[in-house]
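Chain and residue survey
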Amino acid sequence: MDMETVLRPLAVIGGSVVITLLAGWLLDLLLRRADARHSETPLWGLLRRCRLPFQLTLCTSLVRGSYRQARVLPDHAVGVGRALTLILIAGAAWLLVRIATAAVDSMYARYAAGSPDDARVRRVRTQVTLIQRVVTAAVVVVAGASMLLTFPPMRAFGASMLASAGVLGIVAGIAAQSSLSNLFAGLQIAFGDTVRIGDTVVVDGEWGKVEEITLTFLVVRTWDERRITMPVSYFTSKPYENWSRGGAQMTGTVFLHLDHSAPVPLMREWLADILKETPEWDGRGSGLVVTDTTPHTIQVRATVTAKDADDLWTLRCAVRERLIAWLVEHHPYALPRVTTEAAPDTPRPPAP
């Protein structure tokens with residue numbers, strides 16, 4: 001074997017690797033300096049994640065452009081070229097996705113840092129998440145199609161597919177009707193602002209927070225850490241409760257069934273004292289009234305307010321617990337009672 005036949009491929013591959021490593025190091029250095037100078041935006045720090053796909057794309061490009069002159073596996077030149085092309089397409093797609101993700105995440109981070117409105121931030125986060133998924137899906141599809149078209153048999157197959165595109169489109173539309181409806185429902189949710197990541201919702205009797213929204217499904221995390229996965233089309237076709245719509249602030253109630261002799265005015269004063277000592281109360285409002293009566297009890301309703309559903313649940317439990325404990329300790333007569341008395345003697349029938 002000629003020495004040049006061995007050294008030339010090694011020199012080309014080794015030189016490409018060295019150039020790639022130096023270029024990656026230089027790129028990372030420039031991005032670090034830019035990140036240090038521009039602390040107002042996280043873009044430059046996020047772009048550092050692109051180093052690996054950048055190096056892969058650059059190295060593959062260098063080898064792809066010189067492998068024939070370097071006579072790398074000359075007996076398999078076609079296969080080597082096709083493999084390098086596939087790697088180049090995959091690397092370029094990976095790099096494009098990383099750049100797009102860094103740009104979108106940077107814009108969202110700057111918006112979230114400068115916006116005091118939590119509802120608007122969650123809406124933008126939902127839109128950004130779905131945009132990222134759409135861009136990623138589009139890049140993956142285009143990259144996969146480009147890879148397939150590098151094979152000559154697939155080019156002929158693609159031409160025949162284009163010739164019957166109308167029929168295939170109708171068939172595919174009918175077969176994927178459910179998937180397409182979920183896809184469009186996901187876009188409608190993203191830009192229609194009906195439900196957002198972080199919203200508190202009640203779906204099919206289950207209370208939880210929206211944890212993830214994709215183009216086809218939505219994940220709700222319940223209070224007991226379960227995850228409910230539902231198609232996004234559900235949220236565009238059926239009613240559900242969104243407790244965060246128009247703001248996260250909420251008003252809750254605590255119902256107590258007490259005796260008619262319950263000291264309602266004193267309970268109002270004690271409720272005010274409880275709320276002053278409870279940090280979950282946001283101070284917007286409170287009240288205590290008698291809402292119903294029965295022959296044996298009265299129904300007392302206490303209303304309290306909190307900044308969100310989590311604090312409201314904690315506040316309601318605390319108010320209920322402390323009101324009952326106060327009544328038991330200071331006014332036990334106010335608790336529900338069942339009045340009983342001895343049954344009268346049944347008169348005996350007269351003897352015949």
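See the structure shown above.
All figures in this text were calculated on a predicted structure; none of them were measured in a lab.

On to the sheet that holds strand β8 (residues 298-306), then. In space, the 3 strands of this open sheet follow the order β6-β8-β7, with antiparallel pairing throughout. Edge strands, defined here as strands with exactly one partner in the open sheet, are β6 (250-258) and β7 (281-293). Across the sheet, the mean angle separating the axes of adjacent strands is 20° when strand polarity is ignored. Along the sheet, helix α10 (residues 264-276) makes contact with β6, β7 and β8, crossing β7 at roughly 155°. Strands in contact with helix α11 (residues 309-330) are β6, β7 and β8; relative to β6, the strand with the most contacts, it is inclined by about 25°.

The next subject is α10. At 3.6 residues per turn, the α-helix brings residues three or four places apart onto the same side. Over its 13 residues, α10 extends 19 Å from the first C-alpha to the last, a length consistent with the 18 Å expected when each residue adds 1.5 Å. Within the sequence span of α10, burial applies to Val264, Met267, Leu271, Ile274 and Leu275. End-on, the buried residues of α10 take up no more than an arc of 90°, which puts them together on one face. Structural note: α10 exposes Pro265 and Lys276 on the side pointing more than 90 degrees away from its buried face. Turning to α10, the residues buried within the fold contact β6, β7, β8 and α11.

All right, on to the packing of α10 against α11 then. Each packed pair of helices is defined by two parameters, the angle between the axes and the distance between the axes. Relative orientation of the contacting elements α10 and α11 amounts to 135°, with a least axis distance of 10 Å. Of the possible angle classes, the one that applies to α10 and α11 is oblique. Handedness of the α10/α11 crossing: right-handed. Contacts between α10 and α11 involve Leu266, Met267, Trp270, Leu271, Ile274 and Leu275 from the first element and Leu315, Val319, Arg322, Leu323, Trp326 and Leu327 from the second. Residues of the contact of α10 with α11, tallied by class, amount to 11 nonpolar, no polar and 1 charged.

The subject of this paragraph is the pattern of salt bridges. Tallied over the full model, the rule gives 15 salt bridges. Measuring nitrogen to oxygen at the nearest pair gives 2.9 Å for the salt bridge that ties aspartate 28 to arginine 48. On the criterion of sequence distance, the pair formed by aspartate 28 in helix α1 (residues 3-37) and arginine 48 in the loop between α2 (43-47) and α3 (51-66) is long-range, its members being 20 residues apart. Among the residues examined, aspartate 28 registers a relative accessible area of 8% and is labelled buried. Among the salt bridges present, the one from glutamate 211 reaches arginine 227, with a minimum N-O distance of 2.9 Å. Within this pair, whereas glutamate 211 is found in strand β2 (residues 206-213), its partner arginine 227 is found in strand β4 (residues 227-231), the two being separated by 16 residues in sequence. Assessed through its relative accessible area of 31%, glutamate 211 is described here as partly exposed. Residues participating in the shared-partner salt-bridge network are Asp28, Arg32, Arg48 and Arg51.

To continue, consider the environment of valine 289. By secondary structure assignment, the location of valine 289 is in strand β7. When the C-alpha atoms of valine 289 and arginine 301 are compared, they prove to be 5.5 Å apart, with 12 residues separating the residues in sequence. Setting aside residues no more than four positions away along its own chain, valine 289 makes contact with Arg268, Gln299, Val300 and Arg301.

Moving on, we get to the pairing of β4. Within a regular beta strand, the side chains point alternately toward one face of the sheet and then the other, so they alternate between its two faces. Here strand β3 (residues 217-222) runs beside β4; their pairing, made up of 5 bridges, is antiparallel. Looking at the pairing, phenylalanine 217 lines up with proline 231 of β4. Between the antiparallel neighbours β3 and β4 lie 4 residues, among them glutamate 225 with a positive phi of about 70°.

Judged from the 4 bridges that link them, strand β1 (residues 200-203) and β2 form a sheet pairing that is antiparallel. Bridging from a neighbouring strand, valine 202 pairs with tryptophan 207 of β2. The turn joining β1 and β2, which pair antiparallel and follow one another in sequence, is formed by 2 residues; a positive phi near 50° is taken by aspartate 204. Inspection of the sheet shows β2 paired to β3 by 5 bridges, in the antiparallel sense. Residue pairing for β3: lysine 209 is matched across the bridge by arginine 221. The hairpin formed by β2 and β3 contains 3 residues between the paired strands.

Parameters and conventions
- Residues numbered from 1 in each chain as written.
- Predicted model: local features only at pLDDT ≥ 70, side-chain atom pairs only at ≥ 80, totals over all residues.
- Heavy atoms only, no water.
- Pairing = 2+ DSSP bridges.
- Helix = DSSP H or I, 4+ residues; strand = E, 2+ residues; numbered from the N terminus.
- Axes fitted to C-alpha atoms, helices over the stretch in contact; angles between N-to-C directions.
- Contact = heavy atoms within 4.5 Å.
- Expected span 1.5 Å × (residues − 1).
- Buried < 20%, exposed > 50% of the residue type's maximum accessible area, 1.4 Å probe, protein only.
- Arc of directions from axis to C-beta.
- Parallel < 35°, antiparallel > 145°, perpendicular 65-115°, else oblique.
- Left-handed = near helix turned anticlockwise from the far one by under 90°.
- Nonpolar A, V, L, I, M, F, W, Y, C, P; charged D, E, K, R; others polar.
- Salt bridge = Lys/Arg side-chain N within 4 Å of Asp/Glu carboxyl O.

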